[in-house]
Each structure stands twice: as structure tokens, then as C-alpha cells.
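Residue strings, one per chain:
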Amino acid sequence: MELIAAFLPGKERVLFDSTPVLYSGLLTVVFFIVFFFDKENSKKSKTAFGIIIAFLVISFFVKPLYFALHMFNNPDGYMGRYAFLISFIMCLIAVIESDNIINKLKKGRVIVYFAFICMIVELIYSAFCMSKSYQKDDIAYYNYSKEEATQVASILNETDDDVYRILYLNSDNINLSCLYDFMYLSSYSSAGSNKQYSLLNNLGFARSANLLREFGSTDIIRSLFDVKYIVTGADLTEKTNLSFEKNDNCLAIGYMVKDYIKDADLEEGNVFENINSLIYGISGMENAFKLVDDTTVVPVNLAINMDDGYLTLVKENEDAYARFVAIAPKNKKVYSYFDNIYESNVWGLSPRIVSKADNIRYRKFESHCSDPHILLMDEAEDFYYNDIVFDDYSDKEVSFDNILFYYCDNDLSYEIYNEVKDNQFLVEEFEDGYVKGKVKATKDKNILFFTIPYENGWNVYVDGNKENIIPLVDENFIGVELEEGEHTIELKFNAPLSNLGLCLTIVEIILLIIQIIFFRKEIWQIVQAFWFKFIKIISTFTL
């Protein structure tokens, strides 16, 4: 019934609703049904359209097929991202059938006018239903969050002239990076790519949408990637205030490193060994993160199964949770990573992973098993731990194929910062597509490593001379090899094929002007015919 209701006006559209967005207008639905009863339509066309629609609808209920049609990813937010295909096909069928009805009946013009009036009425009703679905409190919170982001940008611009990234938490404005030039780590490029997202995932960041990609990994990674501030937004419901946390070990957007960086290779699997590989490439420090060997799990109201090499937790009673315990040296930072096999279609329904240390910093954010990322473990008297909690609304079981526990020294970020700080890139000019500054290269540190993503279009100039870029860390970052001494570096970005695109645009404008001058009568006839057809289509179904 919910799927049928999705085709009708008045349904509230909510994020994480299990029903896909299928609404395309009531008249579209009517003409769509009539199409299959109209004898003038061939059996071949009815069969073809019917098979396609049936296949797409059935796919909502067959998990492997649903998963495959999302390019083997679970959609985050609105479910059934390919549902627009059903709406498009229904609109196409409605246009075909409306033409049949108008051509068959003598009063076709009356039908067109009646359809247009129905469309207006339906649009008014849909707008009314939509306005009711938005709560005043939600709008007020969104507006407050936007004002707060403006305040954050003002404070940072007045107090810090440096070039850096920030981690902005507890905000409902997903586009803050673009609006306020906050240079999010997850949006550190104007053109986000799967390659860059894979890099973040392989370093232990969350795999969810942009709003959550900032969570996870470790403080040392944020220091290496120029994250200078952690800003936690105010929470109106819990009456908490805006807060700033400064990272004193934050490195610049570029710094000199050793040749080891050329060998830094990140692979799927062990995120901590990937971090070790990156740290070794930058500083030469080996095994910065060490494996915790002594671990155990304590289930409460849970059953534990070990099938096919996977650890599965199955909820048996209320108040179910599993405590994962790690025995590591005292006064260390101990981290966990739970990589799972997760089949639910809705983010937030998987069991929660509790990290009080991270929750204090991140406040509102809750870690879920559906979104693997590195977590800081809580410290007890003789051990470290994380709890996986099954809420009343959670899935009843979850399976893990990779659970990791590693620890590092508390002052690791400081040690690496001291190793690199004397050879940082000093920014003199910074604007969209252009960076200029100075850096000092040494004999053993001859590679300038930028945390600016590598993309086709970047060019590097050393002391005015163009040099070849060395793509670093799985071709994700810009690098350039320098001779010993002080150098002036310029980075310039030109979008690939932009000059060719500009030339083609000019040629097309010239051809258009020629057509208008010499073929204006023919063009006017085509425009009139197109406009009449467009009005007829619009009047048969709602947008």
C-alpha cells in the first residue's frame, strides 16, 4: 500500500523513508493505466513497457537486485535512487496515451483544458501537503545553523589569516564548505571523485554521505591534512554552545618529505597499516600504530556465531550489547575499527558503536555499524573498550569480517609535527585555482608534498619554471621534486579542455547568429510547432 501511495499526491517526503519517490502526477497515473486497456496500442509496446516497469518495481523488494542497481552501494538518504526511471517511463506512456485520446475524441480541446485545470488543482494540493510536512522547529534550527556558520566564518577570518581546513561538526548545512570556504577534508577538491573517497575510507574515515565523511580516522591524519580547527556547533535541544578546538600540531597545505612518500600505498583492509604507510612516507617513522593482541568480547543478551570466518552478533533479549575489550599499555590512545557485512537499506537502523570519548567531542553524532570508521576507545582502570548497542529499532543482528584494535603514543602528532615543521610551505597568495609560496628543500627531504588533490589541470612552477608533477599516495596528492635550497612555488589550475570548450562555444554562437539572420522564417515555424507540442504535453500530466 505504501508503494501505491507513493504515486499519489499528498505523501510526505522524508529522508530515510523506505518508500522511493515515485510521484509524477495523478493524471499521469490515469493515462498510464488507460494505456494498457487501449486496443489501439500494440501488444508489443504494452509488453515492453510492462516488463520494464515490473522489473524496476520488483527490484525494490529483491535485495541483490536493488543493491546491483545502485552500483553495489547502499543509498544514503532517499531510497531507490533509480525510481526516477519509473516516473519517466510513466510520463512517456501518459504522453502517448493522451495523444491517442485527443485524436480519437471530437472534444479533444475540452479534454486538454480540463486536464490543465486538474493539474493546477493538484499542484495547489501538493504544495499544501508539502508545506505541512515542514515543521517550524526544523526550519528555525536550519536558519540558526546557517547564522551560526556565518558567525564561525567571521571569527576565523578575523583571528587567523592562515590557510587551513576545519572540521565543522553538528551542523545541518551540508554545503558549508562551498558557502563559507571552510575547506572540508571530505570536500577538499572542487571535483570529488571515487578515488579520493576511497583514500578517505582506507584511512578510516566514515563511508557515508558528505555530512558524515568527516568522522573517523585519527588526530594524526587531521594534522597531516591541514585540519587546524574542530568546530562543534551549538545544539539547541541540549542547550550546548558553539565551541572551538585548535590543533596546535596542524601542518601546512604543503611540506617537504623524504623519498619514502613515493612508495606510500594504501589498500583496502587494514586502515591502521595504511596510516602507518602514510606516516612512514612522510616522516620515516615506522610502526607508529601498533597492534593490540590481547582482546576479547563480552556479550550481554546476545549470541555470538563464527560462521565462514565472520563474527556475528545476534540479539536475543532487550538491553542487548557487546563489550569489546582491548588490553593495551596505559596512557596510550587506543583505537578500534569494525568493518562489517551490512545489508540494511536504511542508515541508522544498524546497532550503535559507543565511544564516549568521541561522543563528547562530536556531541550529536552516533557511530553505527553500517558506517565503518576508526573510533577512539574508552579507557577503564585496566583496559580499553567499545560497546556495540542494539536499540529497540535496531536490526537484530550484525556481522563483521574485520575487527581491528591498534594503539599509539599520546604525543605521536607532536613528534611528527616536530619532524616536518621546519620545512613547511609558507603561503603568500591563495585563491581559487592559484597558490603561491616559498619552501626550503634539504638533501634528505627533497619532495614537496601538497595535501591538495591531484587532478588533471594542475601545473607546478618552481622559480618560474614549469616542473613535472609527481602524483603521490595512489595518485591522490600533488608532489614535486626539488633541489636543495629555498624555492618559490606556484600552483596554477586550468580545467582540462577549457580552451577548446571556449572556442567551440564561440563557433556555436556565430553559427546561431548566421541561422537567425538567413533562416529566421523557418526557425519561427519550428519554434511555433515546438511550443504548441510543449503546451499539449504539459497539459496532460503534472510536473
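Refer to the structure above for everything that follows.
Throughout what follows, the structure given in this document is the object of discussion. (Residues numbered from 1 in each chain as written. Predicted model: local features only at pLDDT ≥ 70, side-chain atom pairs only at ≥ 80, totals over all residues. Heavy atoms only, no water.)

1. With respect to the pattern of salt bridges
- Taken as a whole and judged by the stated rule, the model has ten salt bridges.
- The salt bridge involving Lys332 is made with Asp409; its shortest N-O contact spans 2.5 Å. Of this pair, Lys332 sits in strand E10 (residues 332-341) while Asp409 sits in strand E16 (residues 397-409), placing them 77 residues apart in sequence.
- Since its relative accessible area comes to 24%, Lys332 is described here as partly exposed.
- The class for Asp409 is partly exposed, based on a relative accessible area of 29%.
- Where Asp391 meets Arg352, a salt bridge forms, and the shortest distance between an N and an O atom there is 2.7 Å. (Salt bridge = Lys/Arg side-chain N within 4 Å of Asp/Glu carboxyl O. Helix = DSSP H or I, 4+ residues; strand = E, 2+ residues; numbered from the N terminus. Buried < 20%, exposed > 50% of the residue type's maximum accessible area, 1.4 Å probe, protein only.)

2. Details of the packing of aromatic side chains
- This model, assessed by the stated rule, comprises 19 aromatic pairs.
- Here Phe272 and Tyr406 contribute two aromatic rings whose centre-to-centre distance is 4.7 Å and whose plane-to-plane angle is 15°, an arrangement assigned as stacked. Residue Phe272 is found in helix H11 (residues 271-283), and its partner Tyr406 is found in strand E16; the two are separated by 134 residues along the sequence.
- Judged by relative accessible area, which is 3%, Tyr406 ranks as buried.
- Three or more aromatic residues joined by ring pairs make a cluster, and in this case those are Phe32, Phe35, Phe36 and Phe49.
- The ring of Tyr385 carries Arg323 above its face, with NZ or CZ at 4.2 Å from the centroid. (Phe/Tyr/Trp six-rings, centres within 6.5 Å; stacked < 30°, edge-to-face > 60°. Lys NZ or Arg CZ within 6 Å of the ring centre and 35° of its normal.)

3. So, the sheet that holds strand E24 (residues 485-493)
- The sheet built from five strands is open, its strands ordered E17-E18-E24-E20-E21 with antiparallel pairing. Whereas interior strands pair on both sides, the edge strands pair on one side only; in this sheet they are strand E17 (426-431) and strand E21 (465-467). Taking each pair of neighbouring strands and ignoring which way they run, the sheet shows an average axis angle of 30°.
- By the bridge criterion, three bridges tie strand E20 (residues 458-462) to E21 in an arrangement that is antiparallel. (Pairing = 2+ DSSP bridges. Axes fitted to C-alpha atoms, helices over the stretch in contact; angles between N-to-C directions.)

4. What about the environment of Ala127?
- Relative to the helices and strands, Ala127 resides in helix H6 (residues 108-133).
- In sequence terms Ala127 and Pro9 are 118 residues apart; their C-alpha atoms lie 9.5 Å from each other.

5. Looking at the side chain of Asn247
- Residue position: Asn247 is located in the loop between strand E3 (243-246) and strand E4 (254-257).
- Using a relative accessible area of 18% as the deciding quantity, one classes Asn247 as buried.
- Engagement of the side chain of Asn247 in a polar contact is seen with the side chain of Ser223, the distance being 3.0 Å.
- Reaching out from Asn247, the side chain makes a polar contact with the backbone oxygen of Val227 at a distance of 3.1 Å.
- If we skip the residues at most four places from it in the chain, Asn247 touches Arg222, Ser223, Val227 and Lys228. (Polar contact = N/O pair within 3.5 Å; in protein donor to acceptor, adjacent residues only side chain to side chain. Contact = heavy atoms within 4.5 Å.)

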